[in-house]
Amino acid sequence: MSLLGTEAPDFTLERTAGDEVTLSETLESGPTVVLVNRGHWCSFCAEQLQTFDEVAYDLWFNDGVDVLPVVTSELGDLTEMRDRFDLDFQLAADPDGVVADQYSGTEETSHGVTGIAGTYIVDEDGIVQYEQVADHPADRTYGNWTRYFIRKGYKDIFA
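Since we're looking at a predicted model, the values are computed, not measured.

Asker: Explain the nonpolar core here, please?
Answerer: Nonpolar side chains tend toward joint burial in soluble globular proteins. Residues Val33, Leu49, Val67, Phe89 and Leu91 are the most contacted members of the largest nonpolar core, which totals 21 residues. Among the elements that take part in this core, helix α2 (residues 43-63) stands out by supplying 6 residues, more than any other. Beyond its immediate sequence surroundings of up to four residues, Leu91 is in contact with Glu14, Arg15, Thr16, Leu49, Pro69, Leu78, Met81 and Arg82. Membership of the second largest hydrophobic core comes to 18 residues, among which are Ala8, Val21, Val70 and Val99.

Shown next, in the form of structure tokens:
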């Protein structure tokens, strides 16, 4: 089921900073990029997160955009992942895949329940302007492309 053009499901999750984050609260200051990632063990997820970590401050400072990475792993594993890959932003823990299920979906793997990788750009009104759900674990949208998409008024300049 596609979320494109619909209202993004709201959620509240605990983050590696020890606080909670709620999607609707991040939207009060501008758009939000919601990233659903498979787990702390996923190398493709780590690569994608690093590309968003490189542009997250620029997006926040210049465009009021928050990047909200949701990972289907326990909080302790996410803290280790954040530190191992030297990520500046905080990761939100969705260990049971409840949020992932509302977005890109979940699947049972050898690591347990994991989210299917997905990237969503939610505008300040809470409407999903972009959606990309991975057909393959390595199929990802990266940070720099997202920055262009947002700055061009939610238009794919490469289409």
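Asker: Please clarify how helix α3 (residues 75-84) should be interpreted in this entry.
Answerer: Think of an α-helix as turning once every 3.6 residues; residues three or four places apart then point the same way. Every buried residue belonging to α3 is among Leu78, Met81 and Arg82, and all of these are buried. In a view along the axis of α3, the buried residues occupy a sector of 100 degrees, so they form one face of it. Packed against the buried residues of α3 are α2, β4 (66-71) and β5 (92-93). Positive backbone phi, approximately 55 degrees, marks Asp86, located one or two places after α3.

Asker: Whenever I open this one, the pairing of strand β6 (residues 106-109) confuses me. Can you help?
Answerer: Two faces make up the sheet, and in a regular strand the side chains alternate between them. Here 4 bridges tie β6 to strand β7 (residues 112-115), and the two strands are oriented antiparallel to one another. Of the residues in β7, the one forming a bridge with Thr106 is Gly115. In sequence, β6 turns back onto β7 through a hairpin of 2 residues.

Scoring rules and cut-offs
- Residues numbered from 1 in each chain as written.
- Predicted model: local features only at pLDDT ≥ 70, side-chain atom pairs only at ≥ 80, totals over all residues.
- Heavy atoms only, no water.
- Core = buried A, V, L, I, M, F, W, Y, C linked by side-chain atoms within 4.5 Å.
- Buried < 20%, exposed > 50% of the residue type's maximum accessible area, 1.4 Å probe, protein only.
- Helix = DSSP H or I, 4+ residues; strand = E, 2+ residues; numbered from the N terminus.
- Contact = heavy atoms within 4.5 Å.
- Arc of directions from axis to C-beta.
- Pairing = 2+ DSSP bridges.

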